[in-house]
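Geometric and topological summary
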Amino acid sequence: MNYTPKRWIRLGLGAALIGTAGLAACGGEGGEAGETGAAALSAPGGAAASGEGGEMGEGEGGEGVTALDPALLLPIDERAVLISSQVAAAGALARMGQTSDAAEHLRLAVSEIKPGGLSRLVENGFDPDLFETAADKLASGAPPEEAEAGLVAVEANAAALEETAAGEPVPLIALLIKRCQNAYQSGVSLNNQIEDPIAYQDAYGYAVTAQRLAGTLEGEDASGLQLELRMLVLMWPAEGPVSGDLPAPPMTFLSQLSRVQQELSALQ
């Protein structure tokens with residue numbers, strides 16, 4: 001699917017009216033490698049340590065690792081959907097031949113979790129070794145069938161973790177939409193250039209995961225949200241966040257996010 005500036009201009013009517021507000025709402029958060037902005041939203045009392053949702057306080061090695069107060073860590077259901085978002089981006093990229101970026105997303109799914117948060121996830125079924133193995137296969141140019149087997153394994157593991165975490169879809173979608181906005185603004189410049197491909201791809205993973213979660217909602221009240229999330233995902237090429245096409249202009253993207261948020265507010 002190829003996008004043209006004319007198409008984005010048509011889709012973006014009225015976006016400039018909300019663009020400034022949307023930009024201000026996200027100011028201060030950098031790229032999606034960290035989670036400072038969303039961590040402040042999810043941590044009790046708005047508390048957030050530097051970096052990964054309060055999880056940056058642990059040491060990186062086996063010695064000197066101090067367990068954090070669980071209240072400072074992202075809840076398991078939130079962490080599960082963030083992992084699933086990285087997996088969604090990785091799967092789309094790998095299946096379009098962008099294996100290096102796909103491997104990066106699988107590694108980010110694990111490296112963004114610090115030791116104090118990792119142990120809880122492992123106890124709930126998360127297998128970081130599967131992610132590392134799959135990433136290695138993608139990065140090393142393993143035969144396609146081996147790379148696909150690794151992807152299938154991590155997809156199943158991420159899905160199982162989500163099921164175990166049993167989070168409520170609506171607040172999780174709200175979290176993902178905030179992350180999607182921050183990532184897109186980090187990845188795409190105001191003059192409509194992809195400046196950070198990984199952040200642009202992150203935003204796709206968040207949008208796809210939010211759309212999937214919305215699909216689990218029942219009733220007519222959810223139909224508007226499901227439609228707007230489907231339109232949000234269409235901001236990327238049909239095959240995923242691959243390079244080569246013009247991205248949706250940030251103002252157009254913010255306009256669609258505003259419609260998603262309006263539908264979300266009716267369900268919260």
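Reading guide: rules and limits
Residues numbered from 1 in each chain as written. Predicted model: local features only at pLDDT ≥ 70, side-chain atom pairs only at ≥ 80, totals over all residues. Heavy atoms only, no water. Helix = DSSP H or I, 4+ residues; strand = E, 2+ residues; numbered from the N terminus. Buried < 20%, exposed > 50% of the residue type's maximum accessible area, 1.4 Å probe, protein only. Salt bridge = Lys/Arg side-chain N within 4 Å of Asp/Glu carboxyl O. pLDDT = per-residue confidence, 0-100. Contact = heavy atoms within 4.5 Å. Axes fitted to C-alpha atoms, helices over the stretch in contact; angles between N-to-C directions. Parallel < 35°, antiparallel > 145°, perpendicular 65-115°, else oblique. Left-handed = near helix turned anticlockwise from the far one by under 90°. Nonpolar A, V, L, I, M, F, W, Y, C, P; charged D, E, K, R; others polar.

1. Some points on the environment of Arg79
On the secondary structure map, Arg79 appears in helix α4 (residues 76–94). On the accessibility criterion, Arg79 (2% relative accessible area) is buried.

2. Considerations on the pattern of salt bridges
According to the stated counting rule, one finds six salt bridges in the structure shown. Across the pair Asp136 and Arg107 runs a salt bridge whose closest N-O atoms are separated by 2.5 Å. One end of the pair, Asp136, is in helix α7 (residues 128–139); the other, Arg107, is in helix α5 (residues 99–111), with 29 residues separating them in the sequence. Here Arg107 falls in the partly exposed class, since its relative accessible area comes to 30%.

3. Here's the deal with the confidence of the model for the chain
Per-residue confidence for the chain gives a mean pLDDT of 80; residues scoring 70 or more make up 74%. Summarising per-element confidence for the chain, the mean pLDDT is lowest in helix α3 (residues 36–42) (35) and highest in helix α10 (residues 197–214) (98). Below a pLDDT of 50 lies the segment residues 1–7, which in the model reaches 17 contacts outside its immediate sequence neighbourhood of four places, other chains included.

4. Regarding the packing of helix α9 (residues 169–187) against α10
Between α9 and α10, the shortest axis-to-axis distance is 8 Å and the interhelical angle comes to 160°. Taken together, the axes of α9 and α10 are roughly antiparallel relative to one another. Where α9 crosses over α10, the two elements pack in a sense that is left-handed. Facing α9, whose interface residues are Pro169, Leu172, Ile173, Leu176, Ile177, Arg179, Cys180, Ala183, Tyr184, Ser186 and Gly187, α10 presents Ala199, Tyr200, Asp202, Ala203, Tyr206, Ala207, Thr209, Ala210, Leu213 and Ala214. Looking at the contact of α9 with α10, its residues break down into 16 nonpolar, three polar and two charged.

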